[in-house]
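What the coordinates show
The residues making up each chain are set out below.
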Amino acid sequence: MRRLDRETVDRIAAGEVVTRPARVVVELLENALDAGAERIEIEVSAGGTERVRVVDDGRGMSADEAARAVERHTTSKLPDGDLRAVETLGFRGEALASIADVATLTLTTNDGGSRATRVQVADGDVTVEATGRGRGTTVEVTDLFHNRPARRASMAAPATEFERISDRVAAYALLRPEVAVSLEHDGRRTFATPGSGSFADAALAVYDREVARESTTLAATASVPVGDEEASVGVRGLLAYPSITRASADHVRIAVNGRPVAMPDLRRAITRGYGSLLPGDRYPVAALSVSVPARAVDPNVHPTKAQVAIRGADAVADAVEEGVSDALSTADLRRSADVAM
Ligand code: ADP
Ligand code: MG
């Protein structure tokens, strides 16, 4: 764990990290994924306005690391400050500190040793004590925006804030099927993926049986020009058949190197891949994970990293479109039309 130097900090796109409960959830979820967790449990109360809790079984932190993790601009993820080589979801070292600025944050963690550490930040006061817990990390956030009346007042009704949370968590759960992700709201389970690695299993958990049945999986690779070299691009995921559509593009989900992103160009490439199979003004249900060489991606162009810059983006989009249209043309789409064989 190191403190980033001023220069690196300045190069990191600035942005207000915590704007609403869903941001808190996403930052904690990304930290759990970066820690190599295989199981992540997310519990929220009142749409996250009262409480957010994320429990993971990842590598955890030592007492020293835990105390430093809540300081500003401390990260374990940029070994030599080289932003170009970053392969983790986080790298700015500001999420925990920013959350602790506007809420009470309690972190309990164990890196596999005999004792765990509990760090609490409340009103700027940091307390560190020894406690018990197995390997992994639990972060609990309460009193969100207690010291930011304007932000507190601008939060939507719990049901609306929860919709955002649920949508964001679903994206990670669908696009990282190797991790078991569960979401609970006010004590009621929303969904829980099994972590089997299967996109279909994750879709069955997040959606209903119909979407899971009326879909095909895809695993394609293409050689794509990226700058002046050829790069191997992988496209994997799940495509619901065109018999299942939605009125908005919200269910067209895409990840680049494991990071869910909101990139209209890639979204449109997926929709283009469905071509005329899709009724006009309807959108498909799809979750595609695109992998490109890390050096071709700059994740540091957007405050919430919802967009990344890809060198050779057009060629990557073409590869996505082709992967989708090939997968749909080989799938037995008539299955959904009850054709007797
Ligand atoms: P970043 O993720 O950009 O490094 P954060 O403020 O989100 O910044 O986290 C700071 C550091 O705390 C991380 O670099 C990591 O070392 C540690 N950390 C945070 N959450 C976890 C977790 N769930 N498991 C293990 N380590 C964590
Ligand atoms: Mg982080």
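Above this text is the structure in question.
Right, let's walk through the structure included here. This is a predicted model, so every value here is computed, not measured.

**Observations concerning the packing of helix 6 (residues 158-175) against helix 7 (residues 199-206)**
Following both chains from N to C, one finds helix 6 and helix 7 inclined at 155°, their axes separated by 8 Å at the closest point. Judged on the interaxial angle alone, helix 7 and helix 6 are roughly antiparallel. Note on element contacts: helix 7 touches helix 6 through Ala-202, Ala-203 and Val-206, opposite Ala-170, Ala-173 and Leu-174.

**Focus: the site of ligand 1**
Close contacts around ligand 1 come from 24 residues, with Asn-31, Ala-35, Ala-69, Thr-75 and Gly-90 the closest. Looking at the shell around ligand 1, the elements that each hand over two or more residues are helix 2 (21-34), strand 4 (74-75) and helix 4 (95-102). Along the lines of polarity and charge, the residues of the shell around ligand 1 split into 9 nonpolar, 9 polar and 6 charged.

**Some thoughts on the sheet that holds strand 10 (residues 188-192)**
The mixed open sheet is built from 8 strands, whose spatial order is 7-6-5-8-3-2-9-10. At either end of the open sheet lies a strand with only one pairing partner, and these are strand 7 (125-131) and strand 10. The average angle at which neighbouring strand axes cross in this sheet is 10°, direction not considered. Pairing geometry for strand 9 (residues 180-185) and strand 10, over 4 bridges, is antiparallel. In the sheet register, Glu-184 faces strand 10, and the bridge partner there is Arg-189. Strands in contact with helix 2 are strand 2 (39-45), strand 3 (51-56) and strand 8 (136-142); relative to strand 3, the strand with the most contacts, it is inclined by about 10°.

**Some remarks on the packing of helix 9 (residues 264-274) against helix 10 (residues 313-330)**
At a minimum axis distance of 7 Å, the contact between helix 9 and helix 10 shows a crossing angle of 30°. Between helix 9 and helix 10, the interaxial angle falls into the category roughly parallel. Considering the relative orientation of helix 9 and helix 10, their crossing is right-handed. For the pair helix 9 and helix 10, the contacting residues are Asp-265, Leu-266, Ala-269, Ile-270, Arg-272, Gly-273 and Tyr-274 in the first and Ala-313, Ala-317, Val-320, Glu-321, Val-324, Ser-325 and Leu-328 in the second. For the contact of helix 9 with helix 10, the class distribution of residues is 9 nonpolar, 2 polar and 3 charged.

**Things to note about the sheet that holds strand 11 (residues 215-226)**
One open sheet accounts for 5 strands, arranged 11-12-15-13-14; its pairing is mixed. Of all the strands in the sheet, just strand 11 and strand 14 (259-261) have a single pairing partner and so form its edges. Here the average twist between neighbouring strands, direction ignored, is 25°. Where strand 12 (residues 229-240) and strand 15 (residues 286-291) come together, 6 bridges link them in antiparallel fashion. Along strand 15, the bridge assignment pairs Leu-238 with Ala-287. Relative to the sheet, helix 6 contacts strand 13 (252-256), strand 14 and strand 15, its axis offset from that of strand 13 by approximately 65°. Packing against the sheet, helix 9 makes contact with strand 13 and strand 15, and its axis sits at approximately 125° to strand 13.

**What to know about the nonpolar core**
Core analysis: the biggest nonpolar cluster contains 91 residues, and Val-25, Leu-29, Ile-99, Leu-105, Val-169, Val-290 and Val-320 have the highest contact counts within it. Among the elements that line this core, the one with the most residues is helix 6, at 9 residues. Split by domain, this core shows at least three residues from each of two domains, domain 1 (2-192) and domain 2 (207-332). The contact partners of Val-290, leaving out residues within four places of it in the chain, are Val-233, Gly-234, Val-235, Ile-254, Ala-255, Val-256, Val-316 and Val-320.

**Focus: unusual backbone geometry**
The phi angle at Asn-257 is positive, at roughly 50°, despite the residue not being glycine. Relative to the helices and strands, Asn-257 resides in the loop between strand 13 and strand 14. At Asp-281, a position not held by glycine, the phi torsion is positive, near 55°. Take Asp-281: there are 7 C-beta atoms within 10 Å of it, and that puts it in the exposed class.

**Side note on the environment of Thr-74**
Take Thr-74: it is sitting in strand 4. In this structure Thr-74 comes out as partly exposed when scored by C-beta crowding, with 18 C-beta atoms within 10 Å. Measuring from C-alpha to C-alpha, the distance between Thr-74 and Ala-95 comes to 9.7 Å, with 21 residues separating the pair along the chain.

Each value, and the rule that gives it
Residues numbered from 1 in each chain as written. Chains lettered and ligands numbered in written order. Predicted model: local features only at pLDDT ≥ 70, side-chain atom pairs only at ≥ 80, totals over all residues. Axes fitted to C-alpha atoms, helices over the stretch in contact; angles between N-to-C directions. Helix = DSSP H or I, 4+ residues; strand = E, 2+ residues; numbered from the N terminus. Parallel < 35°, antiparallel > 145°, perpendicular 65-115°, else oblique. Contact = placed C-beta atoms within 7 Å. Near = placed C-beta within 6 Å. Nonpolar A, V, L, I, M, F, W, Y, C, P; charged D, E, K, R; others polar. Pairing = 2+ DSSP bridges. Left-handed = near helix turned anticlockwise from the far one by under 90°. Core = buried A, V, L, I, M, F, W, Y, C linked by C-beta atoms within 7 Å. Buried ≥ 20, exposed ≤ 12 C-beta atoms within 10 Å, placed from the backbone. Domains from an automatic or database assignment.

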